[in-house]
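Letter by letter, the chains look like this.
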Amino acid sequence: MSPQNLDSLTQAVQERFADTPEPRLKEIMVALVKHLHAFARDVRLTEAEWFQGIEYLTAAGQKCTATRQEFILLSDVLGLSMLTVAMNNDKPPGCTEATVFGPFYVPDAPHYENGDDVANGASGQPCLVRGTVRGLGGEAIARATIEVWQADDEGHYDVQKEDLPHAQARGVLYSRADGSFDFKTIVSEAYPIPTDGPVGALLQATRRSPWRPAHLHFMLKAEGYETLITHVFRKECVYMQADPVFGVRESLIADWKLLPDGATLLEFDFVLNPTR
Ligand code: BEZ
Ligand code: FE
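Reading the values: the criteria
Residue positions within a chain follow its written sequence, with the count starting from 1. All chains are assigned letters beginning with A, and all ligands numbers beginning with 1, in the order in which they are written. Owing to the predicted nature of the model, reporting of local features is limited to residues with pLDDT of at least 70; listing and counting of side-chain atom pairs is limited to 80 or more, with chain, interface and lining totals taken over all residues. In computing side-chain values, all of the structure's heavy atoms are included and hydrogens and water are not. In short, DSSP must find at least two bridges between two strands for them to pair. Think of it this way: any DSSP run of H or I at least four residues long counts as a helix, any run of E at least two long counts as a strand, and we number them from the N terminus. Whether a residue is near a molecule or strand depends on its heavy atoms: if one lies within 4 Å, it is near. Under the rule applied, a polar contact is a pair of N or O atoms within 3.5 Å (in protein, one hydrogen donor and one hydrogen acceptor; residues adjacent in sequence only if both atoms are side-chain atoms). Following the grouping adopted for this structure description, the nonpolar residues are Ala, Val, Leu, Ile, Met, Phe, Trp, Tyr, Cys and Pro, the charged ones are Asp, Glu, Lys and Arg, and the polar ones are all others, Gly among them. In this scheme, a residue with accessible area under 20% of its type's maximum is buried, one over 50% is exposed, and one in between is partly exposed, where area comes from a 1.4 Å probe on protein chains only. The contact rule is simple, with two residues in contact once any of their heavy atoms fall within 4.5 Å.

A.B. asks: I tried to follow the sheet that holds strand 9 (residues 253-254) on my own but got confused; where do I start?
C.D. replies: Sheet strands line up and pair through hydrogen bonds in the backbone, either parallel or antiparallel. Spatial ordering of the open sheet is given by 3-2-7-8-9, a layout of five strands whose pairing is mixed. Since the sheet does not close on itself, it has two edges, and those belong to strand 3 (170-174) and strand 9, each with one partner. The sheet contact formed by strand 7 (residues 215-221) and strand 8 (residues 228-234) spans six bridges and is antiparallel. Bridge assignment links M219 to a residue of strand 8, and that residue is I229.

Written out as structure tokens, the structure reads:
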């Protein structure tokens, strides 16, 4: 096929979507064909490589279970998750930045009071977390829902462990009337994203590190404010510069302070963007 015929093939495929009733679906499919074809031309994709790609995506699908989402992981390591988060969470300066959700969030986590220990038996060094939830104008936000989840000191989330009778190192609590909150947990440690599937094989083949810098996940919700999904990263972590999922933002890096009594303290103040 001559280059002109290759172009007319792309155009012919795009035209097949002409009758799509939903305008956004039509826009997405036409653009997808444009960029997919351009990509194949750009790298001069061979038939063997095309088939390898098909096998790769098949293996990714076969790796998925109720608690394992290999496609999200693939999107994460390709930077697509972070790109989508960044495009859709453009907040005014002063608001806490959003970052990737990650695959280990679980709805219906146990509820806790301020001061409680959300670790609930997860292994790790004890840590106290405290801070405030405020709006962009500095106003305290009372009864904000604060959802937190993290890995244990072996790098595992509770959902990755078989036969665990209850949630560990995840929970939901509410800010007080003055916007403050505090809870006990364990110190965040770096961990590798799951490498026992096609995404791990890709990282290995491309000599990329699977290690995520130590972090604590948060999701904050409050009436009249945009929901915030973010992490707080641990400053001294050696993996900060090479997060495999590109989630690190300078403003989200904080100090886990070692106190004189040997305990560890993380202080972090969240600022939410009003919806109006
Ligand atoms: C996480 O932080 O839990 C995570 C995010 C993206 C990929 C894998 C894990
Ligand atoms: Fe995580």
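Moving on from the model shown.
A.B. asks: Just to check I follow, could you spell out the site of ligand 1 for this structure?
C.D. replies: The environment of ligand 1 is made up of 13 residues, and the closest members are D76, Y191, R212, H215 and H217. Contact between ligand 1 and Y157: an oxygen atom at 3.3 Å from a side-chain N or O atom of the residue. In this structure, an oxygen atom belonging to ligand 1 sits 2.7 Å away from a side-chain N or O atom of Y191. Elements that contribute at least two residues to the shell around ligand 1 include exactly helix 4 (70-77) and strand 7. Residues of the shell around ligand 1, tallied by class, amount to seven nonpolar, four polar and two charged.

A.B. asks: Help me understand the pairing of strand 7 in this model?
C.D. replies: Across the seven residues that make up strand 7, a large majority, six, are buried. Bridge count between strand 2 (residues 145-149) and strand 7: five bridges; the pairing is antiparallel. In the strand pairing of strand 7, W149 is matched with H217. The hairpin turn running from strand 7 into strand 8, its antiparallel successor, is six residues long, and G224 in that turn takes a positive phi close to 90°.

A.B. asks: Mind showing me how you'd approach the side chain of T20 here?
C.D. replies: Relative to the helices and strands, T20 is located in the loop between helix 1 (3-15) and helix 2 (23-43). Using a relative accessible area of 19% as the deciding quantity, one classes T20 as buried. Not counting chain neighbours up to four residues away, the residues in contact with T20 comprise L25 and K26.

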